[in-house]
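Chain by chain, the residues:
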Amino acid sequence: MKKTVLLVLFTFIALAQAVEQPAVSSSIENDYIWQDRFKNVLSEAENGVAKAQYSIGEMLEKGRGTQKNIKQAFDWYAKAANQRYTRAQFKVGYLYYKGLGVKKNPSKAFEYFKKPADKGNVRAQYYLGKLYANGQGVSKDQKKALIWYSRASTGGFAPAEDALEQIKKVLAEEEQMEDSDPEPVSKKVEKKNQISRNK
């Protein structure tokens, strides 16, 4: 009985060690693979290949094959974005929007989101909607926010669906407030102008 229990215990320990071993070597192999990929892609990026510049930015951002460095990632994304690489334009806009690797700048974020959004990038469309909805980097405009959220939602970007519903509620409330005011806005403006002329 004791021998059977000991045999089962040793078998269990041996199996547990065997299962852990491949995960460790796999991790080491993945690091080696990413390091090798980083070296190979870096030479292409340094030669001005936009896709390679974007890939180097991604590896630096995520710490794959190299040390994580968001500032350097931003610089590589910017190089690719300057060559009109759409994915990089979105990334630069996102980093400006969040203030990662660069000082937060909603105006610059808007500028970089606009290009890929016009080409159908749903994430860029979503963030343009956010910028318009909140008046960040651009004048607040709920109707333009609605347009960009609608495009992102139609393109299948799930977070845009919630934002779209929210903006529809805001616009409905604004419309309801305008409808409940008996005096039209044009008459209010006319009265205001008349008062200022009389002064």
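From a predicted model like this one, the values you see are computed outputs, not experimental measurements.

## Observations concerning the pattern of salt bridges
Inference 1: Taken as a whole, this structure holds 4 salt bridges when the rule is applied.
Inference 2: The salt bridge partner of Glu 61 is Lys 91, with a shortest N-O separation of 3.1 Å. Separated by 30 residues along the polypeptide, Glu 61 in helix α2 (residues 50-62) and Lys 91 in helix α4 (residues 86-98) bring together distant segments of the chain.
Inference 3: In this structure Lys 91 comes out as buried when scored by relative accessible area, which is 14%.
Inference 4: Lys 114 is paired through a salt bridge with Asp 118; the nearest N and O atoms lie 2.9 Å apart. Here the residue Lys 114 and the residue Asp 118 both occupy positions in helix α5 (residues 106-118), the gap between them amounting to 4 residues, near one helical turn.
Inference 5: Given a relative accessible area of 28%, Lys 114 falls into the partly exposed group.

## So, the packing of α4 against helix α6 (residues 122-134)
For any two helices packed against each other, the geometry comes down to the angle between their axes and how far apart the axes lie.
Inference 1: Relative to each other, α4 and α6 sit at 30°, their axes nearing to 10 Å. Considering how the two elements wind past one another, α4 and α6 form a crossing that is left-handed. Contact with α4, carried on its side by Phe 90, Tyr 94 and Tyr 97, involves Arg 123, Ala 124, Tyr 127, Lys 130 and Leu 131 of α6 and no other residues of that element.
Inference 2: Looking at the contact of α4 with α6 residue by residue, the class counts come to 6 nonpolar, no polar and 2 charged.

Analysis parameters
- Each chain has its residues counted from 1, following the order in which its sequence is written.
- For this predicted model, a pLDDT threshold of at least 70 governs which residues receive local features, and a threshold of 80 or more governs which side-chain atom pairs are given and counted, while totals over whole chains, interfaces and linings are taken from all residues.
- Water and hydrogen atoms were dropped before computing side-chain values, which therefore reflect all heavy atoms in the structure.
- Whenever Lys or Arg places a side-chain nitrogen within 4 Å of a carboxyl oxygen from Asp or Glu, that contact is recorded as a salt bridge.
- For the purposes of this entry, the term helix denotes a DSSP run of H or I that reaches at least four residues, the term strand denotes a run of E that reaches at least two, and both are numbered from the N terminus.
- Exposure categories follow from relative accessible area, calculated using a 1.4 Å probe and restricted to protein chains: below 20% of the type maximum is buried, above 50% is exposed, and the middle band is partly exposed.
- Where helices are involved, their axes are fitted lines through C-alpha atoms of the stretch in contact, as for all axes, and angles between N-to-C directions lie from 0 to 180°.
- For a crossing to be left-handed, the near helix must be turned anticlockwise from the far one by less than a right angle; the clockwise case is right-handed.
- Here, residues are in contact when the closest pair of their heavy atoms is within 4.5 Å.
- In this count, Pro and Cys sit with the nonpolar residues alongside Ala, Val, Leu, Ile, Met, Phe, Trp and Tyr, while Asp, Glu, Lys and Arg are called charged and the others, Gly among them, polar.

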